[in-house]
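# Residue-level structure breakdown
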Amino acid sequence: MRFSTSALVATLGLGLASTLSAVPASAAAPGSDAVSHTAKSAYIASGDSRGDSDAFLKAVIKSVLAKRGVVPGTQAVTVTYSASKAPTFKAVIARSAQIWNSSVSNVQLKEGSSADFEYREGNDPSGSYASTDGHGNGYIFLDYAQNQQYNSTRVAAHETGHVLGLPDHYSGPCSELMSGGGPGTSCTNAQPNAAEISRVNQLWANGLAALGKTLEVNAR
């Protein structure tokens, strides 16, 4: 059974934390409580995947340049998630969070009732996907059928990568988490590689001006 992807995120809202301690993502950028212009990013590519990724990068640039001065000196952000609507995948979600928490330092995932984003489960012909602004808000949907075909921890970690700001790169190898279902059902790697870890740490850190310039060049 095949699954397709729709357009990636239209806007990346970049919330920042206080200098001395981690704070919830929802409190990091005053006035940005609402999640707007979100779209789905699925685990399996369609023919539009390259254009989707380019659009995602340009959205990152736009938000970085707009938000970079909100809270200078930012170091770490705590993003809270809820798994209450995805009880079947509770253990998988916990492993996914642990993977990201042990990999990156500028953002940490924590389960809680007052959540910045949530996981959901069910049946959807488009498969598993993330509907997110790319900076800690929105939701992740985990499809039953797809998680029987593909490694569930990899699927959850991949979709969580979108919540943390990473675009799809379906042509990448199995060692690249954001290659998603591109390498096929035999790929079970659920760990982000060094480049993905570095990008997430950059997106959730200070020094956003330099990052914005780098992304702008790459996305042209």
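Placed above this text is the structure.
The structure reproduced in this document is the subject of the present report.

What counts, and where the lines are drawn
- Residues numbered from 1 in each chain as written.
- Predicted model: local features only at pLDDT ≥ 70, side-chain atom pairs only at ≥ 80, totals over all residues.
- Heavy atoms only, no water.
- Salt bridge = Lys/Arg side-chain N within 4 Å of Asp/Glu carboxyl O.
- Helix = DSSP H or I, 4+ residues; strand = E, 2+ residues; numbered from the N terminus.
- Buried < 20%, exposed > 50% of the residue type's maximum accessible area, 1.4 Å probe, protein only.
- Disulfide = S-S within 2.5 Å.
- Expected span 1.5 Å × (residues − 1).
- Polar contact = N/O pair within 3.5 Å; in protein donor to acceptor, adjacent residues only side chain to side chain.
- Phe/Tyr/Trp six-rings, centres within 6.5 Å; stacked < 30°, edge-to-face > 60°.
- Lys NZ or Arg CZ within 6 Å of the ring centre and 35° of its normal.

## Quick look at the pattern of salt bridges
A complete count under the given rule lists 3 salt bridges for this structure. When the shortest N-O distance is used, the salt bridge between Glu111 and Lys90 registers 2.9 Å. You can see Glu111 sitting in strand 3 (residues 107-111) and its partner Lys90 sitting in helix 3 (residues 90-103), a full 21 residues away along the chain. With relative accessibility at 43%, the residue Lys90 sits in the partly exposed group. Here Glu118 makes a salt bridge to Arg120, at a shortest N to O gap of 2.6 Å. Among the residues examined, Arg120 registers a relative accessible area of 30% and is labelled partly exposed. Connected through salt bridges with shared partners, the residues Lys85, Glu118 and Arg120 form a single ionic network.

## Points about the state of the cysteines
Within this structure, the stated rule accounts for 1 disulfide. Cys174 shares a disulfide with Cys187; S-S distance 2.0 Å. Sign of the S-S torsion, about 90 degrees for the bond between Cys174 and Cys187, identifies this disulfide as right-handed. Taken together, the residues Cys174 in the loop between helix 5 (152-163) and helix 6 (194-203) and Cys187 in the loop between helix 5 and helix 6 connect sequence positions 13 residues apart.

## Quick word on helix 5
In a regular helix each residue adds 1.5 Å, so 12 residues correspond to 16 Å; helix 5 covers 17 Å between its end C-alpha atoms and thus fits that length. Of all the residues in helix 5, the buried ones are Ser152, Thr153, Arg154, Val155, Ala156, Ala157, His158, Glu159, Thr160, Gly161, His162 and Val163. Looking at where helix 5 begins, the residue whose side-chain oxygen comes 3.3 Å from the main-chain nitrogen of Thr153 is Asn151.

## A few points about the packing of aromatic side chains
Evaluated as defined, the whole model comprises 7 aromatic pairs. A ring pair is formed by Phe89 and Tyr144, whose centres lie 6.2 Å apart and whose planes are at 20 degrees; its orientation type is stacked. Here Phe89, found in the loop between strand 2 (77-85) and helix 3, pairs with Tyr144, found in helix 4 (residues 144-149); they are 55 residues apart in sequence, far enough to count as distant. Looking at Phe89, the relative accessible area reads 6%, which means it is buried. One cation-aromatic arrangement involves Arg120 over Tyr139; the distance from NZ or CZ to the ring centre is 3.7 Å.

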